[in-house]
Amino acid sequence: MTSSSSPSQDVHDMQHPHDATGPAAEPHAESLRADALMEEDVAWSHTVDGERDGDQYDRSERAALRRVAGLSTELEDVTEVEYRQLRLERVVLVGVWTSGTAEDADRSLAELAALAETAGALVLDGVVQRRDKPDPATYIGSGKAQELYDIVRDSGADTVVCDGELSPGQLIHLEDVVKVKVVDRTALILDIFAQHAKSREGKAQVSLAQMQYMLPRLRGWGQSLSRQMGGGGTSGGGGMATRGPGETKIETDRRRIREKMAKMRREIAAMKTGRELKRQERRRNKVPSVAIAGYTNAGKSSLLNRLTGAGVLVENALFATLDPTVRRAETPSGRLYTLADTVGFVRHLPHHLVEAFRSTMEEVGDSDLILHVVDGAHPAPEEQLAAVREVIRDVGAVNVPEIVVVNKADAADPLVLQRLLRVEKHAIAVSARTGAGIGELLSMIDEILPRPEVELEALIPYTQGQLVARAHAEGEVLSEEHTAEGTLLKVRVHRELASELSTFVLATS
Ligand SMILES: Nc1nc2c(ncn2[C@@H]2O[C@H](COP(=O)(O)OP(=O)(O)OP(=O)(O)O)[C@@H](O)[C@H]2O)c(=O)[nH]1
Ligand SMILES: [Mg+2]
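Residues numbered from 1 in each chain as written. Chains lettered and ligands numbered in written order. Predicted model: local features only at pLDDT ≥ 70, side-chain atom pairs only at ≥ 80, totals over all residues.

In the nomenclature of an unreviewed UniProt entry, the protein is known as GTPase HflX of Streptomyces koyangensis. A UniProt comment under Subunit (unreviewed entry) is attached to the protein, and it reads "Monomer. Associates with the 50S ribosomal subunit." Under the UniProt heading Function (unreviewed entry), the entry covering the protein gives this text: "GTPase that associates with the 50S ribosomal subunit and may have a role during protein synthesis or ribosome biogenesis." (UniProt positions renumbered as here; feature names shortened; annotations may be inferred.)

Scanning the protein for helices and strands turns up 17 helices and 14 strands. A burial count over the protein gives 40% of its 509 residues as buried. Long-range pairs, those at least 24 residues apart, make up 70% of the contacts in the protein with a sequence separation of at least 6. (Helix = DSSP H or I, 4+ residues; strand = E, 2+ residues; numbered from the N terminus. Buried ≥ 20, exposed ≤ 12 C-beta atoms within 10 Å, placed from the backbone. Contact = placed C-beta atoms within 7 Å.)

Turning next to helix α16 (residues 465–474). For the α-helix, the turn length of 3.6 residues means that residues three or four positions removed from each other point alike. Buried residues of α16: Leu467, Val468, Ala471 and Glu474, and no others. Buried positions in α16, seen along its axis, are confined to an arc of 150° and lie on one side of it. Exposed side of α16, more than 90 degrees from the buried face: Gly465, Gln466 and Ala469 are the residues found there. Of the surrounding elements, those touching the buried residues of α16 are β11 (454–460), β12 (476–482), β13 (487–493) and α17 (495–501). (Arc of directions from axis to C-beta.)

Below, the discussion takes up the pairing of β13. Only one face of β13 is buried, namely the one carrying Thr487, Leu489, Val491 and Val493, since none of Leu488, Lys490 and Arg492 on the opposite face is buried. The pairing of β11 with β13 spans seven bridges and is classified as antiparallel. By the bridge assignment, Glu457 is partnered in β13 with Lys490. In this structure, β12 lies alongside β13, joined through six bridges in antiparallel fashion. For Glu476, the partnering residue across the bridge sits in β13 and is Arg492. The turn joining β12 and β13, which pair antiparallel and follow one another in sequence, is formed by four residues; a positive phi near 155° is taken by Gly486. (Pairing = 2+ DSSP bridges.)

So, about the UniProt feature "binding site: Mg(2+)" (unreviewed entry) in the protein. Mapped onto this numbering, the UniProt entry annotates "binding site: Mg(2+)" (unreviewed entry) at Ser301 and Thr321. If you trace the backbone, Ser301 turns up in helix α10 (residues 300–308).

A few words now on helix α7 (residues 200–214). Here α7 spans 21 Å end to end across 15 residues, near enough to the 21 Å set by a 1.5 Å rise per residue. When we look at burial in α7, the residues that qualify are Glu201, Gly202, Gln205, Val206, Ser207, Leu208, Ala209, Gln210, Tyr213 and Met214. (Expected span 1.5 Å × (residues − 1).)

Before going further, it helps to examine the confidence of the model for the protein. Considering every residue of the protein, the mean pLDDT works out to 74; 70% of them sit at 70 or more. With pLDDT under 50 throughout, residues 1–85 is counted as low confidence; its partners more than four residues away or in other chains account for 136 contacts. pLDDT under 50 marks residues 220–244. Its contacts with residues more than four places away, or in other chains, come to 35 contacts. The ipTM assigned to the predicted complex is 0.98, against a pTM of 0.65. (pLDDT = per-residue confidence, 0-100.)

Another aspect to go through is the environment of Gln464. Position of Gln464 relative to the elements: it lies in the loop between β11 and α16. Among the residues examined, Gln464 registers 17 C-beta atoms within 10 Å and is labelled partly exposed. C-alpha of Gln464 to C-alpha of Gly486: the two residues are 22 residues apart in sequence and 8.9 Å apart in space.

Spatially, β2-β1-β3-β4 is the arrangement adopted by the four strands of the open sheet, whose pairing is parallel. In this open sheet, the two strands that pair with only one neighbour each are β2 (122–130) and β4 (181–184). This sheet shows a mean twist of 25° between the axes of neighbouring strands, independent of strand direction. Summarising the sheet, strand β3 (residues 159–162) and β4 pair through four bridges and their orientation is parallel. For Cys162, the partnering residue across the bridge sits in β4 and is Asp184. Across the sheet, helix α4 (residues 142–155) is in contact with β1 (90–97), β2 and β3; its angle to β2 comes to roughly 165°. Set on the sheet, helix α5 (residues 168–178) makes contact with β3 and β4; between it and β4 the angle comes to about 140°. (Axes fitted to C-alpha atoms, helices over the stretch in contact; angles between N-to-C directions.)

Structure follows, in structure tokens:
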């Protein structure tokens, strides 16, 4: 699998948000290789019309579904009720700029805008206030909050999104001033994650993180909840002040949420065991693993597609990928390895999510090599590199070798590329889109991946064909000759396989 077949990296530059109804958009999951190694994967999906594949259909479908308001009145669905409420439509962004340059502040707000758009919102306006620290009561100062109210009223926004994590009190107070819903960056990211998670485990993790986030804020948002459940009557319009009889109800809700969280944790632990077993299986087979990590939207999935020809969802949206995808790949010298796509990083990833997605991160920490993808065309690639490394360090993946893959070389400023390549030891500029640099990247991977430690020569009888197959799959075949007595192999293998081959070995070196 080299760069020869690479479907549709570009399709998502064309916007086709909610129109996935035509026959061309049908998911075409074609099981090309049901490899035991990759059992945990969904079937490889292949692009049929050069434009869309199953995953992408999925994504459009998810986006379309999101707009259907299906509010349940069951308490079991408490998180769903609350989070459906979070469906953003027309938003105004607000940030507090405490340190750094004005450009830093603008960039941070631009990223918030991208996040909001990814969540399906229309961004109407954005304001930044310079302050030493956020106002303890209303996040931005009270004068600014009034101005914000004017902007909200004039623009017809229905939501304010703050560029930070706000305390429950700050959310309530600011809502009282601006008279529309106020959400913070954390809630926004959780919302995006909730929209994108696909696997059972991913969904469970996100919903656990949402509950964790919600628990201390239940009082504020609880009003809509009691409205949902109390058969109406208590709602008092704008503010969040009406509590009264809901107070004890909130207590009950809290308890039920805690119980649900405990149950969820147990379920997640069980799912984790299953995944862990598969990972061990791969490790036992000594298949080296490569993890693709990097800032969100850097082009990780595009790179995976380019390297393996897998039809993974690529989208110009943040957090398009939320479930770890593992594919098999082969080095130019014919060695097999696994290549894992991972969830993107973002600055100030909500803490609950770092916890929740520790599993993906563990995959990164556990790998033999990290391909750290960075968007060379981004205005501040160094910042992205640093932000990602912080998380990698957080999960203890410090001793894994890393290749910095500076992607989007086709669109990047050559000077920026030069600068990055000079600073980073193991770095290469590539374009997942055009394929430039991919050949060299493959050779670099080949060089760095650990090699099996035993080199031997064996004459394997034709009745033992499965051993020859394993030598190819798990080892590195240096030469192969078909003689009258059997297959003469010069091969480099790991110890276990070496001992299984021992009866046929002619020479070891
Ligand atoms: N110009 C250019 N654009 C690219 C290249 N690689 C990827 N892109 C675009 O960058 C956007 C993001 O690509 P993805 O592969 O989805 O990025 P990702 O890192 O997987 O993103 P998340 O899963 O959302 O974290 C898409 O619009 C791609 O078409 C490249 O080499 N050149
Ligand atoms: Mg992706």
